[in-house]
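Breakdown of the fold
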Amino acid sequence: MQNSLFPENSFPAQDRQGSKNKPTVSKQDLNRSQQEAVAHLDGPLLVVAGAGSGKTRTLVYRVAHLLGQGILPENLLLLTFTRRASQEMLLRASHLLDESCQDVAGGTFHAMANMLLRRYGYHIGYAPNFTIIDRSDAEGIINILKSSLSLAGAGKRFPTKRVIINMISKAVNRSTDLETLLYDEYEHLEEFLNSILLLQDHYEKFKFAHGLMDYDDLLVNLKQVLKENDQVRQEVSQRFQYIMVDEYQDTNAIQAAIVRLMASTHNNVMAVGDDSQSIYSFRGADFRNIMDFPSIFPNTRIIKLEENYRSTQPILSMTNAIIEKADEKYTKTLFTKVEGGNKPELYNAADAGEEARYIAGRITELQKDGLPLNEMAVLFRSGFHSYKLEIELASKGIPFEKRGGLKLTESAHIKDFLSYFRILVNDQDNLSWNRVLLLLDKVGPKTAQKILAALKASEEPFEALKEYPAAPVWRKGVLELAAVMQKLKDPVLTPVEQFEIISEYYQPIFQRIYYDDYPKRSRDLEQLRTIIAGYDSLAKLVDDTALEPPETIVVEDSTDRLILSTVHSAKGLEWDTVFIISLAEGKFPVSQALPGAQWEEERRLLYVAATRAKKRLYLTYPREIMSVDRQFSRAPLSPFLAEISHSLYTSSGRAHNQAVGYGGGSSGYSFSMGNRGRRSMGAASLNQNKKQLKDASSLDQGQAVTHPFFGRGIIDKVTGDRTVEVVFDRHGRKTLHLDYAKLEKIK
DNA sequence: TGAGACGCTGTTTTT
DNA sequence: CAGCGTCTCA
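From a predicted model like this one, the values you see are computed outputs, not experimental measurements. (Residues numbered from 1 in each chain as written. Chains lettered and ligands numbered in written order. Predicted model: local features only at pLDDT ≥ 70, side-chain atom pairs only at ≥ 80, totals over all residues. Heavy atoms only, no water.)

Points about the overall build of chain A
What counts, and what does not: Helix and strand assignments come from DSSP, with helices taken as H or I runs of at least 4 residues and strands as E runs of at least 2, each series counted from the N terminus. Working definition: with a 1.4 Å probe on protein chains only, accessible area under 20% of the residue-type maximum means buried, over 50% means exposed, and in between means partly exposed.
Of the regular secondary structure elements, chain A holds 28 helices and 23 strands. Across the 747 residues that make up chain A, the buried fraction comes to 55%.

Next up, the structure:
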């Protein structure tokens, strides 16, 4: 955390000699296409690189190559998807060349935007000490605004803060306006359009007034500064003479515009990506963007990397089969020279518990055979899919680290704590002030608002707090808070010392508010302390908690530990052995994925997951899953697996059960069907089926249907757009939601 | 105006 | 099985 790749003195005087006499980087480890990409010097370059095709290696070598040509490290910029990715690449580059590689600026778009906006943000009215807010902070602002605009009680079904923030963010990331978005995707909220627009307007003003930026603002504001200010654009563009963008398929239009502006004086941009691995459309990325690159940058050279060096042939055959079913044909077919290896193994577990036991058992076996835990990973679609497994691993004493899912900084008590820090960095941060005030006993939203108004009116918020005419019941609380803040402002204090002071003050509050589970939560505070110990700058700490939130490490007493990760967080990584769990329809793909684009993205997601494996790939699926209403239901195998040839993998556990199959009467997904037959009914017919299942208008009274758990039944009544009443032969009358129930028509 | 009880809903993925 | 929003009482 400490050594930022965007250091504070990020614009060093450029008086150093370039390293003209550095050793030339050996290119014997590269194939012809890779060499070509590495040796490319000026002008736009697009590298379309399949999974495991040595994309990272190519970038690493190119960094080293450029520096070897005498280009200064500070004139390079490496934009990656995570900070970890860029750190690792620059470390590898320094093994090739020397440690000057470590001076290359690298990190995420957001981290870069943060760095540049601290310096240039004043052009659009932001002070350099602005605070970055995360999603729940943003939702908090919506909450405050909702009540201050008295929109709260107004409607019975006013959209939640989450939905509102989703909409606002989506509009930004898709470069469209909120109204268009609403009519596109949220038509049912039409009656709230004006209220939502009002909220959006106040949300923007609130952030600006209090020196706050959300994730989208970082990008939007950077783009604006670069666009409107010629001098800034020149300066930045001159600073970053060579720009490299990794995972380009997951950038959105704003990010593309930023790259174009930053490269305005030289056009030296190298973009690397893979359209078949695009998995961030929910963030406004479109895999077609990568194809637009040549039109944004005329005379782009295009290089494809198609040889896979990562996986064995059986694994590659399966992953190729998965992606081949995609609606849209992608640009590459991967091949490998890695020989041998076993077919991927599909395990049919009875339920999530058995699935977890199977995996823990397998891992133990592999470990006994000498495979270190950190050569294995368990991947899943959603964070909570691993809960059962986490318990199982803990009981077996297998150390693991979980990535993705809930972040440490997202829990309420950590946010409480960080609010004190945020105020110290930016005393205009009303969101944090609000949070801190609400922690006081007998102070609620109304009182907090009044105090906030007084703080805002004053030049010295801390003084104003002390002198606020408090009511007797909570006067003591306010004075204590004022005293603590005063104490914290002492410039000689280190972040850890400040942590201790807040800790002492916060402890009683903490125990009062989280009385039911504060012992559990206090472990998180300990972990926060450890993290803070690595910092000497509060501002940096506060930035990082938003930009690179620390993962919740569940078991940390070992350096050799198993990785549990969401597929999204596993992007770009690889392991000897990979387990993909919860491969049941409704879990992977997630139940809310709609036919069409979303469904296709789920498929690419599975493709990304499976291509992480080098030697061994295990797929598991629970046949029975528990739904929220604690009912068990049969879950079909993920259609992405059901639709590919059974000969590509081996099965164990209970045998396949055709009764729970997807295609029902057509049984189009039986494994025996020849390749040609299946091709014609690929994704398209699957999607149709899915659509049909969700639309009650296609069902009539008297229609016979089957349900995977309840069996055969007759439609008795269509009670709504998506609800029907069915009388089942064996289970009687049920009301079913077509969003959840998997009904199929039968003759 | 704040605190606490109660019922509802809904549950990706990330910077 | 939450976390959230709404409702009621002090």
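Structural notes on the sheet that holds strand S3 (residues 105-107)
Rule in force here: A pair of strands is labelled paired if DSSP reports no fewer than 2 bridges between them. Note on geometry: axes are C-alpha line fits, over the in-contact stretch for helices, and angles between N-to-C directions span 0 to 180 degrees.
Read across the sheet, six strands follow the order S3-S2-S6-S7-S1-S8 without closing on themselves; strand pairing throughout is parallel. The sheet terminates laterally at S3 and strand S8 (301-305), the two strands that pair on one side only. Adjacent strand axes in the sheet meet at a mean angle of 10 degrees, parallel and antiparallel pairs treated alike. In terms of strand pairing, strand S2 (residues 76-79) meets S3 through three bridges, oriented parallel. Considered in S3, the bridge of leucine 77 is made with alanine 105.

Quick notes on helix H8 (residues 193-209)
Using the following cut-off: Here the expected span of a helix is defined as 1.5 Å times the quantity of residues minus one. The arc in question is traced by the directions running from the helix axis to the C-beta atoms.
Compared with an ideal rise of 1.5 Å per residue, which puts 17 residues at 24 Å, H8 spans 24 Å between its outermost C-alpha atoms and is within 8% of the ideal. Looking only at H8, the buried set comprises Leu193, Ser195, Ile196, Leu199, Gln200, Tyr203, Phe206 and Lys207. Looking straight down H8, one finds that the buried residues subtend no more than 160 degrees of arc, so they occupy a single side. Exposed side of H8, more than 90 degrees from the buried face: Asn194 and Lys205 are the residues found there.

A look at the pairing of strand S1 (residues 45-49)
Along a regular strand, successive side chains alternate from one face of the sheet to the other. In terms of burial, S1 is a largely internal element, five of the five residues being buried. Of the two faces of S1, the one lined by Leu45, Val47 and Ala49 and the one lined by Leu46 and Val48 are each fully buried. Relative to strand S7 (residues 269-273), S1 runs parallel, the two sharing four bridges. By the bridge assignment for S7, leucine 46 is matched with alanine 271.

A short note on unusual backbone geometry
In this structure, proline 589 follows phenylalanine 588 across a cis peptide bond, with omega equal to 10 degrees. Structurally, the position occupied by proline 589 is in the loop between strand S15 (575-580) and helix H25 (597-610). Non-glycine residue serine 175 carries a positive phi angle of around 55 degrees. For serine 175, a relative accessible area of 48% puts it in the partly exposed group. At lysine 442, a residue that is not glycine, the phi angle is positive and equals roughly 75 degrees. Examined against the element boundaries, lysine 442 turns out to sit in the loop between helix H17 (430-438) and helix H18 (445-457).

Describing the nonpolar core
The test is simple: Only buried Ala, Val, Leu, Ile, Met, Phe, Trp, Tyr and Cys residues count toward a nonpolar core, and they belong to the same one when joined by side-chain atoms within 4.5 Å. Two residues form a contact once any of their heavy atoms are found within 4.5 Å.
Counting residues in hydrophobic clusters, the biggest one holds 47 residues, and the most contacted among them are Ile580, Leu617 and Leu641. Elements with a contribution of two residues or more to this core: helix H13 (313-324), strand S12 (376-380), helix H24 (567-570), S15, H25, strand S16 (613-626) and helix H26 (639-642). Per-element tally for this core: the top contributor is H25, with seven residues. Leave out the neighbours within four places in its chain, and isoleucine 580 touches Leu379, Leu606, Ala609, Ala610, Leu617, Tyr618, Leu619 and Thr620. Core analysis: the next-biggest nonpolar cluster, separate from the first, contains 45 residues, Leu408, Leu455, Met485 and Ile502 among them.

Focus on the packing of aromatic side chains
Quick note on the threshold: For this analysis, a ring pair means two rings from Phe, Tyr or Trp (six-membered ring only for Trp) whose centres lie within 6.5 Å, classed as stacked if their planes differ by under 30 degrees, edge-to-face if by over 60, and tilted for the remaining angles. Each ring is checked for a lysine NZ or an arginine CZ that lies within 6 Å of its centre and within 35 degrees of its normal; such an atom marks a charge sitting over the ring.
Within this structure, the stated rule accounts for 19 aromatic pairs. Both rings, one in phenylalanine 417 and one in phenylalanine 499, keep their centres 4.8 Å apart while their planes meet at 25 degrees; by these two values the pair is stacked. Note that phenylalanine 417 is positioned in helix H16 (residues 412-425) and phenylalanine 499 in helix H21 (residues 495-513), a separation of 82 residues in sequence. Here phenylalanine 417 and phenylalanine 499 have matching classes, each one buried. Grouped by ring-pair contacts, the aromatic residues Phe417, Tyr420, Phe421, Phe499, Tyr505, Tyr506, Phe510 and Tyr514 constitute a single cluster. The lysine or arginine in question, arginine 118, covers the ring of phenylalanine 130, its NZ or CZ lying 3.8 Å from the ring centre.

Regarding the pairing of strand S13 (residues 400-403)
Side chains of S13 alternate between two faces, with Phe400 and Lys402 and Glu401 and Arg403 buried alike. Of the strand pairs in this sheet, S13 and strand S14 (residues 562-566) are connected by four bridges, and their pairing is parallel. Each residue of the ladder has a partner; that of lysine 402, found in S14, is leucine 564.

Quick notes on helix H14 (residues 352-368)
This is how the line gets drawn: Pairs of N or O atoms are called polar contacts if they sit within 3.5 Å, as long as, within protein, a hydrogen donor faces a hydrogen acceptor (for residues adjacent in sequence, only side-chain-to-side-chain pairs).
A rise of 1.5 Å per residue sets the reference length of H14, with its 17 residues, at 24 Å; its end C-alpha atoms lie 24 Å apart and thus fit the reference within 8%. Within H14, the full set of buried residues consists of Gly353, Glu355, Ala356, Tyr358, Ile359, Ala360, Arg362, Ile363 and Leu366. Where H14 begins, one side-chain oxygen reaches toward the backbone nitrogen of glycine 353, 3.1 Å away; that side chain belongs to aspartate 351. Positive phi shows up at glycine 370, right after H14, with a value of about 105 degrees.

Let's talk about the packing of helix H2 (residues 55-68) against helix H3 (residues 83-96)
Where we set the bar: Convention used here: angles under 35 degrees read as roughly parallel, angles over 145 as roughly antiparallel, angles from 65 to 115 as roughly perpendicular, and any remaining angle as oblique. Two helices that cross are described as forming a left-handed crossing if the nearer one is turned anticlockwise from the farther one by less than a right angle, and a right-handed crossing if clockwise.
Contact geometry of H2 with H3 gives a least axis separation of 8 Å together with a crossing angle of 55 degrees. It follows that H2 is oblique to H3 by the angle criterion. In this structure, H2 meets H3 at a crossing whose hand is right-handed. Two secondary-structure elements touch here, H2 through Thr56, Arg57, Leu59, Val60, Tyr61, Val63 and Ala64 and H3 through Met89, Leu90, Arg92, Ala93 and Leu96.

Focus on the packing of helix H4 (residues 109-120) against helix H11 (residues 253-262)
We count it as follows: Under the scheme applied, nonpolar residues are Ala, Val, Leu, Ile, Met, Phe, Trp, Tyr, Cys and Pro; charged residues are Asp, Glu, Lys and Arg; polar residues are all the others, including Gly.
H11 packs onto H4 with a crossing angle of 55 degrees between their chain directions and a minimal axis gap of 12 Å. Overall, the two elements H4 and H11 adopt an arrangement that is oblique. As H4 runs across H11, the sense of the crossing is left-handed. In this structure, H4 uses Phe109, His110, Met112 and Leu116 to contact H11, whose residues at the interface are Gln255, Ile258, Val259 and Met262. Partitioned by chemical class, the residues of the contact of H4 with H11 number six nonpolar, two polar and no charged.

Section: the side chain of lysine 571
Tracing the backbone shows lysine 571 in the loop between H24 and S15. Using a relative accessible area of 12% as the deciding quantity, one classes lysine 571 as buried. With sequence-adjacent residues up to four places away left out, lysine 571 is seen in contact with Phe81, Glu247, Gln249, Asp250, Ile279 and Tyr280.

Considering the pattern of salt bridges
Applied cut-off: Think of a salt bridge as a Lys or Arg side-chain nitrogen and an Asp or Glu carboxyl oxygen that are within 4 Å of each other.
Under the definition given, this model contains 41 salt bridges. With a shortest N-O distance of 3.4 Å, arginine 83 and aspartate 544 are connected by a salt bridge. A residue pair is termed long-range when its members are at least 10 positions apart, and arginine 83 in helix H3 and aspartate 544 in helix H23 (residues 538-547) qualify at 461 residues. A relative accessible area of 10% means that arginine 83 is categorised as buried. Ionic pairing is found between arginine 310 and glutamate 574, a salt bridge with its closest N-O pair at 2.8 Å.

Digging into the environment of glycine 534
One can find glycine 534 in the loop between helix H22 (518-533) and H23. With a relative accessible area of 35%, glycine 534 lands in the partly exposed category. Placed 39 residues apart in sequence, glycine 534 and proline 495 show a C-alpha to C-alpha distance of 9.0 Å.

So, the confidence of the model for chain A
Note the threshold: One number per residue, pLDDT, summarises how confident the predictor is, and it ranges from 0 to 100.
Taken over all residues, the pLDDT of chain A has a mean of 83, while the share at 70 or more is 83%. Every residue in residues 12-21 is under pLDDT 50, and counting partners more than four places away or in other chains gives 16 contacts. The model gives residues 656-694 a pLDDT under 50, and that stretch makes 75 contacts with residues more than four places away or in other chains.

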